[in-house]
Amino acid sequence: MQIGHKTPKNPNIPHDSAIGHVSGTSVYIDDMPPAHNEVFVEIVPSPVAFGRIRSIDTSKALAVPGFVGAYTYRDLHHNKFGPITQDEILMAEDTVYFIGQAVVVVAAESRSAALAARRAVVLDIEELDPCLTVAEAIRRDQYLDRTYAIKRGDVEAAFAEADHIIEGHFSIAGADHFYLESQACIVYPQEYDQIVIHSSTQNPSEIQHVAAHLLGLNLNQVVVITKRMGGGFGGKECQSTHPAVMAAMVALKTRRPARLIYNKDDDMQWTGKRHPFENDYKVSFTDAGVITALQARLYADGGAYNDLSTAVVGRALTHIDNAYFLPNADVVGKIARTNFPPNTAFRGFGGPQGIITIENICEEIAAYLGMDAYDVRRANLYGVDERNTTHYGQLVANNTLPELFDTLLESSQYRERRATIDGFNQSSLTHLRGMAMTAVKFGISFTNKALNQANALVNIYLDGTIQVSTGATEMGQGVNTNIKMLVAEEFGIDYDKVIVMATSTEKNNNTSATAASAATDLNGSAAVNASRKLKERIAEVVAQHFASTETGMGAYPDRIVFADGYIYDSRKPSRRITFAEAVNLSYRERVSLGERGHYATSGIGFDWSLGQGAPFLYYTNGCAVSEVEIDRFTGDMRVLRTDILMDIGQSINPGLNRGQIVGAFVQGMGWLTTEDLRYTRNGALLTHSPTTYKIPNIYDLPATFICNTIQNDNKVNVRGTKAVGEPPLVLGISVWAAVKNALSYVSGESIPTLNTPACNEEILSRLTYYKRLLERQDNNNHAFNEGFYHDEASVLLPRARSHAAGRAVRSNLSGKRARSKSGKADKGVTA
Amino acid sequence: MGHRDFVHFYVNGKEHRVGGAAVFQTLSDYLRQDLYLCGTKVVCAEGDCGACSVLVLDRQRSQAPVTGSGSAYKAVNACIQYLYQIDGAHIVTVEGLKAQNAINAVQSAMVDQNGAQCGYCTPGFITTMCALAQDMQAGVSACGSKDKYKDKTTCIKDALTGNLCRCTGYEAIIQAGLAIDLDTFQPVADLYDLASIDESLQSTRQQSVSIQAAQRLVFVPADLDSALGFLAGQPGARIVSGGTDVSVNINKRGLLPDVILSTCLLSKNDATLTAITLDTASNTVIIGALTSLKNVEAFFAEHVPEFARVLWVFGSPQIRNAGTLAGNIANGSPIGDSLPFLFVAGATIDVASQARGRRSVAIDAFYKGYKQLDLAPDELIVGIRVPLTQEILRLYKVSRRQHLDISGFTAAFALSLEPTAMGAVPVIKKLRVALGGVAATVLRMRQIEDRAVGMTHDATTWAILGEMARSAIDPLSDVRGARDYRLTLARNIFDKFYLETSETGTAPREPICK
Ligand SMILES: Cc1cc2nc3c(=O)[nH]c(=O)nc-3n(C[C@H](O)[C@H](O)[C@H](O)COP(=O)(O)OP(=O)(O)OC[C@H]3O[C@@H](n4cnc5c(N)ncnc54)[C@H](O)[C@@H]3O)c2cc1C
Ligand code: FES
Ligand code: FES
């Protein structure tokens, strides 16, 4: 039965917390008033990246006024957990594996006492030789989980016949989430060892599971509640678990509410980041720039434990094609085990690291062939009727990429601007410009099939207002607003009649993380399913109510319409009752006015043993053109203009979606430009606060910024929408690629190389290198091809040296293949 | 007059008198933990994110009460304002902005334009934008100079460089700024009975504050004599002006001064310490030590725009509202952004003590080594004098991010050329160069200056001078830049300077708001 409803007027309603946010009344964890007997919790972290604990001395902490307790792993029931493989130790036992790993937890009567107690604990740790680079992990042969691979066709055969081959190595830096609200939780002990955990988390069920497991409770003894987060971006998918479990342990031990709030410096030092990758690649292509084969070996820096690395690498492997057809592919991913905090989910989840690899390759092919990189990309774009299956065998259905490319080429005046840039670079002695268009084709669905389900609870009250509860968590993205709108639209009532409640494992059980951009898809669908069941029941009652022997109108629930706050029979719209009246009628008829909805994405699946399948329900597509200007003397870079064009299907709330697109783009740009994670040689993060870790500032927004979407109905998803949270982040790559393009104007015969992030220091290092290269033209020009960090006296960990890996040189443009000197990509790994 | 044992201030129109150990806490902690005004967020606790921004009304004794629009309230970072820094102030937090219980025009613009996503940065943006709206109503640009900003968008960006947002990418916030209905916006000053607040604060203002608690002593002098008298008895007391350096060191670097002298009341009571005047006879600018960097910026926007340009990228509006030039000088960092200019301009520092009265020190004699100053423990900086010249001046700051970032490298050039016949290549008459971020102190490059005299102003000359600079310095590697990077910058900045100041130069200066 399909009961009609009408969509209300303006869908651009504000975020459901907007008024609270601007008034300062929205409540975040640390804004919750302290309970009168609350204790404050602090963590004593490992100060070394790898070491053996000789002794722990808490005696001085005991003497701190207000000290309540000190706890170690011995106070836990179990100590091992992990979302994919259960390899993670919550609190160090005899060995510490990363800086920031919890060794002792202290509790005290006040914040300052807890801090004093933390500082008073003395750890005696014998330092061991840590593994702090992917290269070192490879040398030591230490990996997390197994090797993952996707293969199609025969790359060796393609290489043998290739017109051209480029191979190289590409270092991709990590990034900090820099959610403004650092990890935070408060735990309230209840009767019979039950606990209620309030956490700033994207994943209440995960906390419930890990807390129960590590504290020896049943799942039904643990309730996790999330009202909202002050930002998450993936950083609170798994890593909000650690503070929550430690605070819960204290709450159970002390029988007092326990509050644990990280400060920004601790948070940045202790929590995992976006995975850095070290990628080797080898690509063959025709004279026209068409890729014939790609071989790639991706090494993610997983940190000390797996966390979500398996899935992150999986997504890198399924996104290395991005928008481009790979007739032959052989891509393998491994996770290096190092002594950093476990790297974790971060908006895009490995997708960006896969995608930038091929976008970099497109720039290199263009530089090598002397083509415009746009033409290389266009020549390789997935087709609508042919060349439209991915290397893992999924059909690229409803492919809007060609339309996006062609439209943006025109609307951004790409060709005209290219000519202007060519002229500018010829004449300007002081500045250099570059421009690039890059794409995104982002697969939507969790790659772990079981996670693609959700449940929702919809309760209707007698005044016609509704509460909705789902497993989705609100971190600013507007998922609650979307769900509220979907439900209100189902019942044809005003948006303000619906409230989406705090997320709680008490109302929604066994939920998935709010992640993979799929929260609205999954939870919204479940809420719509629940609403439809309720509508059916109400329609039955109302149909009976309208049925009348006098007029000869029978009771046909199918004819009942919910619109504009009223309910009527479509045959006689003038005789209508309000939604609230209908609810009351139903109540009197003893009809249930609460319902659970469930949703499971159909038709998806992937088999890693084959590296084949259709893991995604659909793709969110887009492209962006960015133009940058570089100061030739300082390497300072600014983005002059960015044009974004996306296909996000039918928007529920276009205003909120635009915010997702712009915010994600800027975040992606920050990752690749100013956000520079720097470590000491001992693996300690130096850039652990905004003083030295520079996320984009208001002035870093492109001077001209144009952002549009195209019309497309995504029939496979709820209300024709597409997920939008992660995909636009990838478009930040256009800025990085534009810098690389700018360098191609000064790199002579070489294909320019560029690390990430392309901060001014990195850019100046490349400019200086090419300047000297052109000046000297000597044989021994690789001696200084290392960037600025070859300085042994430096206290810093040397940055990855992709520059030194060598590249194909544009030595022969007549069609002969060129080979890099190092041949590094061949060393490979075996699946 | 006896001393007070409490600091006296207002929050959202309510009076607060705080004494004892409680004054040794930050304003943000006081708001959040003592007053349960949790709208003010703390993210970084070091002035670098703006989430804790609150509005402060700090008034000179001579000023008439403020009403209506006028750049009255200024945004500052509550996380680096200790209570002993806010004596005599009226603080307004995000909770204190509603008019008749309805959100104001700034707040509704932010709602309508989706300027808030997760909302954690939002209160800080709201307070800062209310200061902006108040300034826009009064026709004052973010830098404080009268109505000279290029366009509204630039003005909005200038006002918000001190607020980080990780969610929105800022576009919606800029849109909100553009959408503020200035006709209905009620200035914050109109929401409170400022006359009676003023009267109440005036009543305690002539009294210095002295609070001893938890083995610590803080003194807030009401006048200069008390200040110098206190320093004579407590030499080495930690002077706190804007606190944008000291308070960060307390929060983050374990600094725990036993004895503190806070200048906040002094800056309200002694107009000479906050005045900026141009002495036309000597063509010298005289800057009161306690005037905010914001005022310095506004003044130099008229007289030496190149220096205002550096101040424009100095910290953020919040930092410049609180911070002082004296603090930047006394902080002694080799990457202090004002210093290269003060070096090439030949500035002098006026210091005072009870024992020896006043003396003046040339800026390049003031620094003796890393954070080693020619400043006795009983001395206070009272003024800075900057002679104005007609030379060609260029100042450079290189940092990871353009705004709200500490420099990795700085440079200043002051050049005069011999008058030459039309068409002839000019000859260098006089040059002064200072480089920052390349040694323990800012360096005057005297060898280069001497060498340059008489050379032709052409590319070859500047290449030679640049090479000299590169070989003369021995920088370190740190998070803000590797040694080689700094060496390369020192070399390149000479080429850049040449191209920007010669006929052949094609480098336009980036536009600024002024
Ligand atoms: C987020 C942030 C960004 C910043 N950005 C920049 C930047 O871009 N460029 C830059 O150069 N600096 C920057 N700073 C550093 C700081 O803001 C400046 O150095 C500022 O000028 C300090 O002034 P203040 O009045 O706040 O100093 P305070 O913190 O009050 O004092 C600094 C030092 O000077 C001493 N002192 C202060 N006043 C006097 C006096 N009258 N006589 C004698 N000694 C005195 C103090 O004892 C202390 O040692 C930044 C700081 C922060 C927190
Ligand atoms: S908390 Fe970041 S500026 Fe105050
Ligand atoms: S809205 Fe989340 S940080 Fe600005």
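Residues numbered from 1 in each chain as written. Chains lettered and ligands numbered in written order. Predicted model: local features only at pLDDT ≥ 70, side-chain atom pairs only at ≥ 80, totals over all residues.

### What to know about the overall build of chain B
Piece 1. Counting secondary structure elements, chain B contains 18 helices and 20 strands.
Piece 2. Projecting the C-alpha coordinates of chain B onto the three principal axes gives extents of approximately 70 × 60 × 45 Å.
Piece 3. Counting every position in chain B, which comprises 514 residues, the buried fraction comes to 58%.
Piece 4. If you take every contact in chain B between residues at least 6 apart in sequence, the share linking residues at least 24 apart comes to 71%. (Helix = DSSP H or I, 4+ residues; strand = E, 2+ residues; numbered from the N terminus. Buried ≥ 20, exposed ≤ 12 C-beta atoms within 10 Å, placed from the backbone. Contact = placed C-beta atoms within 7 Å.)

### Considering the packing of helix α10 (residues 293–303) of chain B against helix α11 (residues 305–312) of chain B
Residue and element names in this part refer to chain B.
Piece 1. Orientation of α10 relative to α11, taken along the N-to-C sense of each, is 145°, at an axis distance of 7 Å. The chirality of how α10 crosses α11 is left-handed. On the side of α10, the interface is formed by Leu 293, Val 296, Glu 297, Phe 300 and Ala 301, while α11 contributes Pro 305, Phe 307, Ala 308, Leu 311 and Trp 312.
Piece 2. Looking at the contact of α10 with α11 residue by residue, the classes come out as nine nonpolar, no polar and one charged. (Axes fitted to C-alpha atoms, helices over the stretch in contact; angles between N-to-C directions. Left-handed = near helix turned anticlockwise from the far one by under 90°. Nonpolar A, V, L, I, M, F, W, Y, C, P; charged D, E, K, R; others polar.)

### Digging into the domain arrangement of chain B
All names here are of chain B.
Piece 1. Partitioning chain B into domains gives domain 1 (6–95 + 192–268), domain 2 (105–185), domain 3 (269–387) and domain 4 (392–501).
Piece 2. For domain 1 versus domain 2, the separation of C-alpha centres amounts to 25 Å.
Piece 3. Taken residue by residue, the interface counts 18 residues in domain 1 and 18 residues in domain 2.
Piece 4. Counting residues per element, the ones that place at least two in the side of domain 1 that touches domain 2 are β3 (53–57) and β4 (74–77).
Piece 5. For the side of domain 1 that touches domain 2, the element with the highest residue contribution is β3, accounting for three residues.
Piece 6. Per-class residue counts for the side of domain 1 that touches domain 2 are nine nonpolar, seven polar and two charged. (Domains from an automatic or database assignment.)

### So, the sheet that holds strand β1 (residues 6–11) of chain B
Adjacent strands of a sheet form backbone hydrogen bonds with each other and so pair up, either parallel or antiparallel.
All names here are of chain B.
Piece 1. With respect to topology, five strands assemble into an open sheet ordered β2-β1-β5-β3-β4, the strand pairing being mixed. Edge positions in the sheet fall to β2 (14–19) and β4, since each of these pairs with one other strand and no more. When the angles between neighbouring strand axes are averaged without regard to direction, this sheet yields 35°. (Pairing = 2+ DSSP bridges.)

### Some details on the domain arrangement of chain A
Note: interface size is frequently given as the accessible area lost on complex formation between the parts.
Residue and element names in this part refer to chain A.
Piece 1. As far as domains go, chain A holds domain 1 (4–24 + 453–600), domain 2 (34–130 + 177–270) and domain 3 (148–175 + 273–446 + 612–827).
Piece 2. Measuring from the centre of the C-alpha atoms in domain 1 to the corresponding centre in domain 2 gives 39 Å.
Piece 3. Taken together, the 16 residues of domain 1 in the interface contact 18 residues of domain 2.

### A short note on the interface of chain A and chain B
Piece 1. Each side of the interface is counted separately: chain A has 67 residues, and chain B has 63 residues.
Piece 2. When contributions to the side of chain A that touches chain B are tallied by element, the ones reaching two or more residues are α1 (18–23), α17 (654–672) and α19 (760–776) of chain A.
Piece 3. The element that contributes the greatest number of residues to the side of chain A that touches chain B is α17(A), accounting for seven residues.
Piece 4. Looking at the side of chain A that touches chain B, its residues break down into 30 nonpolar, 27 polar and ten charged.

### A word on the site of ligand 1
Residue and element names in this part refer to chain B.
Piece 1. Neighbouring ligand 1 are 30 residues; Gly 47, Gly 242, Gly 315, Gly 327 and Asn 328 lie closest to it.
Piece 2. Looking at the shell around ligand 1, the elements that each hand over two or more residues are β8 (238–240), α8 (246–252), α12 (317–322), α13 (325–331) and β16 (380–387).
Piece 3. Broken down by class, the residue content of the shell around ligand 1 amounts to 13 nonpolar, twelve polar and five charged.
Piece 4. Of the residues that make up the shell around ligand 1, three or more belong to each of domain 1 (6–95 + 192–268) and domain 3 (269–387). (Near = placed C-beta within 6 Å.)

### Some remarks on the confidence of the model for chain B
Residues and elements named next belong to chain B.
Piece 1. Per-residue confidence for chain B gives a mean pLDDT of 93, with 93% of residues at or over 70.
Piece 2. Counted against residues more than four places away or in other chains, residues 143–149, with its pLDDT under 50, gives 28 contacts.
Piece 3. Here the predicted complex scores 0.95 on pTM and 0.95 on ipTM. (pLDDT = per-residue confidence, 0-100.)

### A closer look at the pairing of β2(B)
Residue and element names in this part refer to chain B.
Piece 1. Bridge count between β1 and β2: six bridges; the pairing is antiparallel. The partner of Val 7 across the bridge, within β2, is Val 18.
Piece 2. Between β1 and β2, which pair antiparallel one after the other, the connecting turn spans two residues, and Asn 12 there sits at a positive phi close to 45°.

### Notes on α10(B)
Residues and elements named next belong to chain B.
Piece 1. With nine of its eleven residues buried, α10 lies for the most part within the structure.
Piece 2. Within α10, the full set of buried residues consists of Leu 293, Lys 294, Asn 295, Val 296, Glu 297, Ala 298, Phe 299, Phe 300 and Ala 301.
Piece 3. In the core, the buried residues of α10 are packed alongside β10 (276–279), β11 (284–288), α11, α12 and α13.

### Describing the environment of Arg480(B)
Residue and element names in this part refer to chain B.
Piece 1. With respect to the helices and strands, Arg 480 occurs in the loop between α17 (459–472) and α18 (483–501).
Piece 2. With 231 residues separating them along the chain, Arg 480 and Asn 249 place their C-alpha atoms 18 Å apart.
Piece 3. The residues touching Arg 480, leaving out its near neighbours within four places in the chain, are Ile 406 and Gly 408.

### Comments concerning the nonpolar core
A general trend in soluble globular proteins is that nonpolar side chains are found buried together.
Piece 1. Counting 414 residues, the largest nonpolar core has Ala248(A) and Val739(A) as its most contacted members.
Piece 2. Here this core takes twelve residues from helix α15 (residues 519–546) of chain A, the largest share from any one element. (Core = buried A, V, L, I, M, F, W, Y, C linked by C-beta atoms within 7 Å.)

### So, the packing of helix α6 (residues 204–215) of chain A against helix α7 (residues 241–254) of chain A
Residue and element names in this part refer to chain A.
Piece 1. Contact geometry of α6 with α7 gives a least axis separation of 9 Å together with a crossing angle of 45°. Classified by the angle their axes make, α6 and α7 are oblique. α6 and α7 meet at a crossing whose hand is right-handed. Across the interface between the two elements, Glu 206, Ile 207, Val 210, Ala 211, Leu 214 and Leu 215 from α6 touch Thr 241, Ala 244, Val 245, Ala 248, Met 249 and Leu 252 from α7.
Piece 2. Its residues assigned to classes, the contact of α6 with α7 shows ten nonpolar, one polar and one charged. (Parallel < 35°, antiparallel > 145°, perpendicular 65-115°, else oblique.)

### Some details on the confidence of the model for chain A
All names here are of chain A.
Piece 1. Averaged over every residue, the pLDDT of chain A is 92; the share at 70 or more is 92%.
Piece 2. Here residues 779–786 is a poorly scored stretch, pLDDT under 50, and it has ten contacts once near neighbours within four places are set aside; other chains count.
Piece 3. The low-confidence segment residues 789–807 (pLDDT under 50) makes 51 contacts with residues lying over four places distant or belonging to another chain.

### Here we look at unusual backbone geometry
Piece 1. For the bond running from Thr756(A) to Pro757(A), omega is -5°, close enough to zero to count as cis.
Piece 2. By the secondary structure assignment, Pro757(A) is in the loop between α18 (733–744) and α19.
Piece 3. A positive phi angle is found at Asn283(B), which is not glycine, with a value near 50°.
Piece 4. Inspection of the secondary structure puts Asn283(B) in the loop between β10 and β11.
Piece 5. Owing to 13 C-beta atoms within 10 Å, Asn283(B) belongs among the partly exposed residues under this scheme.
Piece 6. Within the chain, Lys371(B) stands out as a residue other than glycine whose phi angle is a positive 55°.
Piece 7. With respect to the helices and strands, the residue Lys371(B) is situated in the loop between β14 (367–369) and β15 (372–373).

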